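Now for the letters of each chain:
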Amino acid sequence: MKHRIVVLGAGYAGAVVAGRLAKRLHRDDVEITLVNGDPEFVERVRMHQLASGQDLRPRPLRDIFAGTGVRVRIAWVTAVDVEGKTVDLGGETLAYDTLVYALGSVNADHGVPGAAEHAYNVAGKQAALRLRARLSEVRPGGTVLIVGGGLTGIETATEIAEARPDLKVAIAARERVGGWLSDKAQRHLRRAFDRLGITVHDDVDVTRVEADGVVTGAGGKIEAQVTVWTAGFTVRPIAAATTLEVTDTGRIVVDAGMRSVSHPDVYAVGDAAFAMGAGGKPLRMACATANPMAWLAADVIAARLTGRKAPETTIGYALQCVSIGRRDGIIQRVTPDDQVTPTVFTGRTAARIKEMICAGAAWGISHPTMLRPSRRRRLAVAGAAETRSLTRS
Ligand SMILES: Cc1cc2nc3c(=O)[nH]c(=O)nc-3n(C[C@H](O)[C@H](O)[C@H](O)COP(=O)(O)OP(=O)(O)OC[C@H]3O[C@@H](n4cnc5c(N)ncnc54)[C@H](O)[C@@H]3O)c2cc1C
């Protein structure tokens, strides 16, 4: 019997783990199943582009993984039993020997009244398509408010303003919008907001979302026909419903090799995992961290199964890349523990770098067997029972 590896989620993290494991391990020894609800790989980092009217290239998972040895299963995971080592796919049960949990994240409205009913978001494909449809109904002169001054809020506001110069776009945040960026980057961002006609509301606490705008902590109101909520991400409740050790927000706590600290047969990567990075700081939810987490997890799993030393590395940052529409951007150099430095690239050069990074991430996922490493190794112990006990140790 083969060792059964089940990867849940085919986003930036899960798809990379599955492809890399297929290159690392011999097909005669392992059966790799990649489970994803959406039949396509969704470029989540482009959801603001999708929402503002751009079409994204379809990337069917079955085509991507054809011939790789990875079995793609299109289904929604409803529960995981980490004691019985099974996954529930809404009635059907899938058994595993090693599980990789990579179910990503969703929009977090932080319980702000009215946000769930009245606000749109760009956290996933269906949400972005709903916003796209709504924006197409808004007539010239209409008002759009983006709540959230982080990367996603800035990218969404600028993308909509560039695509729809006929609309009045505003952005509001509890702190200064983009306030964590270096001085030079912030100056560039403010000029870009001016150029695109975006009204900025800094230091505004949104306490309620209504059909025609938001109410602020100071008792004021910002009118908007469309409110877009970009004030954070949270994880799905599936992991928290298991006996896995999770944080109070439901992210799976993993060690330096992306392995669950409570269940050694389970690994977690991407937004769903709580892992430490450089400087002993938790890695933030990002495509920039999902990829290296996935490489590391795949290499650790392959090393353990083939009896080799697991690699040891600390994940650190190099850049923060912010798109400002399609022709402008900010590439902010950061330290490995994510502190901004004075080094910044802006303008078209930055837009090109950001585009190359996004396209590169999607290319890597779409060509799972093209990238190194290519040498497939046999499991350390042939035979199912021995292999399974080996991975439990
Ligand atoms: C608009 C936007 C812009 C962004 N820009 C950047 C950026 O510039 N740089 C950056 O580093 N990060 C960016 N991010 C964040 C980045 O997209 C996420 O951190 C990244 O996608 C996390 O990867 P992941 O694989 O963990 O999750 P995801 O990419 O979300 O993948 C999770 C997968 O699991 C599937 N899934 C979920 N639940 C289930 C279930 N129950 N059953 C079956 N399948 C399921 C989903 O369909 C999805 O395919 C951006 C995010 C957004 C929304």
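Residues numbered from 1 in each chain as written. Predicted model: local features only at pLDDT ≥ 70, side-chain atom pairs only at ≥ 80, totals over all residues. Heavy atoms only, no water.

Let us look at the nonpolar core. Ranked by size, the top nonpolar core spans 68 residues in total, and within it Leu8 and Tyr101 carry the most contacts. The element best represented in this core is helix α8 (residues 287–305), accounting for ten residues. Sequence-distant contacts of Leu8, defined by excluding residues within four places in its chain, comprise Val35, Val77, Val80, Val87, Leu99, Val100, Tyr101, Ala102 and Leu103. In terms of nonpolar packing, the next biggest core, distinct from the first, is built from 33 residues, Val122, Val138, Ala161 and Val322 among them. (Core = buried A, V, L, I, M, F, W, Y, C linked by side-chain atoms within 4.5 Å. Buried < 20%, exposed > 50% of the residue type's maximum accessible area, 1.4 Å probe, protein only. Helix = DSSP H or I, 4+ residues; strand = E, 2+ residues; numbered from the N terminus. Contact = heavy atoms within 4.5 Å.)

All right, on to the domain arrangement of the protein chain then. Taken domain by domain, the protein chain holds domain 1 (3–106 + 233–317 + 376–392) and domain 2 (109–229). Of note, the centres of domain 1 and domain 2, computed from C-alpha atoms alone, are 33 Å apart. Here domain 1 meets domain 2 over a buried area of about 1,300 Å², counting both sides, of which 59% is carbon and sulfur. Applying the counting rule to domain 1 against domain 2 returns three salt bridges. The salt bridge partner of Asp38 is Lys125, with a shortest N-O separation of 3.0 Å. (Domains from an automatic or database assignment. Buried area = accessible area lost by both parts, 1.4 Å probe. Salt bridge = Lys/Arg side-chain N within 4 Å of Asp/Glu carboxyl O.)

We now examine the pattern of salt bridges. Tallied over the entire structure, the rule returns 26 salt bridges. Of the charged contacts, one joins Asp299 and Arg24 as a salt bridge, the two residues approaching to 3.2 Å between their closest N and O atoms. With Asp299 in helix α8 and Arg24 in helix α1 (residues 14–24), the pair connects residues that are 275 residues apart, well separated along the chain. By relative accessible area, Arg24 is classed as partly exposed at 22%. Each of Glu43, Arg46, Arg59, Glu159, Arg326 and Glu355 takes part in a single network of salt bridges with overlapping partners.

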